[in-house]
Amino acid sequence: MKLIDRITDNAFQNMTLTGNAGQSIKLSMRYMPSQQGWFMDVSYEGFRLYGVRVVASPNMLRAYRNKIPFGLLCTTKEGVDPYRINDFEAGYAKMYLMTADDVMEIEAAVYG
C-alpha cells in the first residue's frame, strides 16, 4: 500500500501513479466547491471511470475489484468524507494506492 502524497490544495490535479507491478494508473482529481467535495477520474489500460466522489472508504474502487489489479483507500481523522479543498494537504485525509493483495486483505477483513 502506497500513500499518495502528491495531493495538494489545487482544485484540479492530474497525476500518474505506479502500481507494484509497474502499472501506470492515471488519476485526475478536482475539488467542487458547490458540492463541498473531491471527485476523481481513474484510467488504467482500457478501464475508465469518471466523476467518482472521493469518500472515506476501505476501497473506493471495490465495485471494480475483479476488473483492475488495484484499489484506492481513503481515510480521514474523523471518518468523515474529505470536504475541504485542503483536507489532503493538511493531513486530515489520506489516500493510498493498494495492490491486488491489499485489496484481498481488505475484502477479507472488512467485508468477510
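Keep in mind it's a predicted model, so treat the numbers as computed, not measured.

A. Just the sheet that holds strand E7 (residues 93-99), in detail. Reading across from one edge, E1-E7-E6 is the order of the three strands in this open sheet, with antiparallel pairing throughout. Every interior strand has two partners, whereas the edge strands, strand E1 (2-3) and strand E6 (70-76), have only one. Pairing of E1 with E7, which is carried by two bridges, proceeds in the antiparallel orientation. Residue pairing across strands places Lys-2 opposite Leu-97, the latter belonging to E7. Of the strands in this sheet, E6 and E7 are in contact with helix H1 (residues 100-111), which crosses E7 at around 110 degrees.

B. Expanded view of the nonpolar core. The biggest cluster of nonpolar side chains holds 27 residues, and the ones touching the most others in it are Leu-27, Met-40, Leu-72 and Met-95. Secondary structure elements with two or more residues in this core: strand E2 (12-18), strand E3 (24-32), strand E4 (37-44), strand E5 (47-53), E6 and E7. Contacts of Met-40, omitting those with residues within four sequence positions, involve Leu-27, Ser-28, Met-29, Arg-30, Leu-49, Tyr-50, Gly-51, Val-52, Val-54, Met-60, Leu-61 and Leu-72.

C. Seen up close, the pattern of salt bridges. Following the criterion strictly, the structure yields four salt bridges and no others. Across the pair Arg-30 and Asp-41 runs a salt bridge, and its minimum N-O distance is 3.3 Å. Placement of Arg-30 in strand E3 and of Asp-41 in strand E4 is noted, with a sequence separation of 11 residues between them. The partly exposed category is assigned to Arg-30, whose relative accessible area is 21%. Between Arg-65 and Glu-107 there is a salt bridge whose closest N-O contact spans 3.6 Å. With a gap of 42 residues between them, Arg-65 in the loop between E5 and E6 and Glu-107 in helix H1 connect regions that are remote in the sequence. Residues participating in the shared-partner salt-bridge network are Arg-62, Arg-65 and Glu-107.

Cut-off values and rules
- All residue numbers here refer to positions counted from 1 along the written sequence of the relevant chain.
- Confidence filtering applies because this is a predicted model: local features only for residues at pLDDT of at least 70, side-chain atom pairs given and counted only at 80 or more, and all residues used for totals across whole chains, interfaces and linings.
- Side-chain metrics in this entry use all non-hydrogen atoms of the structure; hydrogen atoms and water are not considered.
- Two strands are counted as paired when DSSP detects at least two bridges linking them.
- Per the convention used, a helix needs a DSSP run of H or I reaching at least four residues, while a strand needs a run of E reaching at least two, with both numbered from the N terminus.
- Note on contacts: a residue pair qualifies if any of its non-hydrogen atoms lie within 4.5 Å across the two residues.
- An axis is simply a line fitted to the C-alpha atoms; with a helix, the fit covers only the stretch in contact. Between two such axes, the angle follows the N-to-C directions and lies from 0 to 180 degrees.
- Remark: nonpolar core denotes a set of buried residues (Ala, Val, Leu, Ile, Met, Phe, Trp, Tyr, Cys) joined through side-chain atoms within 4.5 Å.
- Think of it in three bands: residues with accessible area under 20% of the maximum for their type are buried, residues over 50% are exposed, and the middle band is partly exposed, with areas taken using a 1.4 Å probe on protein chains only.
- When a carboxyl oxygen of Asp or Glu is within 4 Å of a side-chain nitrogen of Lys or Arg, the pair counts as a salt bridge.

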